[in-house]
Amino acid sequence: MALTSVSMDIMEKIRSALGLEGFNRPHAILADAGDFGTVFTYMPLLPAEFRKLPADLQRHVYLIGKERYGLVGHVPKSFELSDKIPIVSITAVYGDGGTLLELGYRTDEKGPLYQVKHGLRREKLLELAKKKKIPIKTTIRSRS
């Protein structure tokens, strides 16, 4: 499912319905620990605030976690890797049908493997590996 940001008009209707003077509490979320940057920003809503909204406005609110709600304000259209991250190796696990199941990288030969799950970030990581000739350890996992 793709995230859709909330228009300023809808944001204003929600602010008005909650009786707030303004929203001043943005947060940013990462898709996973291996990600390099913001996946989206959102305005958190308290559970009581969510329940206070009429049904037509509730449909614009995302469930961020258990009893955590938010209005998505920004979804980046592109993503660039930082030159400051020294990626030394990449590990890819493919299914027997050729589907990429897992992709991770290391910033140190013996350091932790950071998993990257976001599709756009996976593509950029593989492009970086090709461009900078970073070794990719490939494994194929069968269903048996």
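Peer 1: Quick question: what am I supposed to make of the side chain of Arg122 here?
Peer 2: Along the chain, Arg122 turns up in helix H4 (residues 119-132). Only 2.8 Å separates the side chain of Arg122 from the backbone oxygen of Val116, close enough to count as a polar contact. Not counting residues within four places of it along the chain, the set of residues in contact with Arg122 comprises Leu100, Leu101, Glu102, Leu103, Val116 and Lys117.

Peer 1: Explain the sheet that holds strand S6 (residues 100-106) here, please?
Peer 2: Where strands meet in a sheet, backbone hydrogen bonds hold them as pairs that are either parallel or antiparallel. Here four strands make up an open sheet; going across it, the order is S7-S6-S5-S8 and the pairing mixed. Of all the strands in the sheet, the pair left with one neighbour each is strand S7 (114-115) and strand S8 (136-141). Both strand S5 (residues 89-95) and S8 contribute to a ladder of six bridges, which runs parallel. Within S8, the residue paired with Gly95 across the bridge is Arg141. Its contacts with the sheet put H4 on S5, S6 and S8, and the angle it makes with S6 is roughly 60°.

Peer 1: In this structure, what is going on with H4? I would like to understand it.
Peer 2: If you check H4, its first and last C-alpha atoms are 20 Å apart, about what 14 residues at 1.5 Å a residue would give, namely 20 Å. For H4, the complete set of buried residues consists of Arg121, Arg122, Lys124, Leu125, Leu128 and Ala129. Down the axis of H4, the sector holding all buried residues measures 165°, keeping them to one side. For H4, the exposed residues set more than 90 degrees away from the buried face come down to Lys130 and Lys131. One or two residues past the end of H4 sits Lys133, with phi positive at roughly 55°.

Peer 1: What should I look at first to understand the nonpolar core in this one?
Peer 2: Soluble globular proteins tend to bury their nonpolar side chains together. Counting 14 residues, the largest nonpolar core has Ile14, Phe23, Leu45, Leu53, Val61 and Leu71 as its most contacted members. Residue assignment for this core shows that the elements contributing at least two residues are helix H1 (8-18), strand S2 (40-45) and strand S4 (68-74). It is H1 that provides the largest number of residues to this core, a total of four residues. Look past the residues within four positions of Leu71 in its chain and what remains in contact with it is Val6, Met11, Ile14, Phe23, Thr41, Tyr42, Met43, Leu45, His60 and Val61. Ala92, Tyr105, Val116 and Ala129 belong to the second largest nonpolar core, which has 10 residues in total.

Peer 1: Explanation requested: the environment of Glu67 in the structure shown.
Peer 2: For Glu67, the location among the structural elements is in the loop between strand S3 (62-65) and S4. On a C-alpha basis, the gap between Glu67 and Ala48 in space is 9.6 Å, while along the polypeptide they are 19 residues apart.

Peer 1: Help me understand the packing of aromatic side chains in this model?
Peer 2: Aromatic ring pairs are reported here in terms of the distance separating the ring centres and the angle at which the planes meet. As enumerated under the stated definition, the model contains two aromatic pairs in all. The interplanar angle of 5° and the centroid separation of 4.2 Å between the aromatic rings of Phe50 and Tyr69 together place this pair among those described as stacked. In this pair, Phe50 sits in helix H2 (residues 47-52) while Tyr69 sits in strand S4, placing the two residues 19 residues apart along the sequence.

Peer 1: Teacher, can you tell me more about the pattern of salt bridges here?
Peer 2: Opposite charge on two side chains lets them pair, provided their charged atoms get close. Tallied over the full model, the rule gives four salt bridges. A salt bridge links Arg51 to Glu67; the nearest nitrogen and oxygen atoms lie 3.6 Å apart. Within this pair, whereas Arg51 is found in helix H2, its partner Glu67 is found in the loop between S3 and S4, the two being separated by 16 residues in sequence. Residue Arg51 is classed as exposed on the basis of its relative accessible area, which comes to 51%. A salt bridge links Arg141 to Glu102; the nearest nitrogen and oxygen atoms lie 3.2 Å apart.

Basis of the calculations
Residues numbered from 1 in each chain as written. Predicted model: local features only at pLDDT ≥ 70, side-chain atom pairs only at ≥ 80, totals over all residues. Heavy atoms only, no water. Helix = DSSP H or I, 4+ residues; strand = E, 2+ residues; numbered from the N terminus. Polar contact = N/O pair within 3.5 Å; in protein donor to acceptor, adjacent residues only side chain to side chain. Contact = heavy atoms within 4.5 Å. Pairing = 2+ DSSP bridges. Axes fitted to C-alpha atoms, helices over the stretch in contact; angles between N-to-C directions. Expected span 1.5 Å × (residues − 1). Buried < 20%, exposed > 50% of the residue type's maximum accessible area, 1.4 Å probe, protein only. Arc of directions from axis to C-beta. Core = buried A, V, L, I, M, F, W, Y, C linked by side-chain atoms within 4.5 Å. Phe/Tyr/Trp six-rings, centres within 6.5 Å; stacked < 30°, edge-to-face > 60°. Salt bridge = Lys/Arg side-chain N within 4 Å of Asp/Glu carboxyl O.

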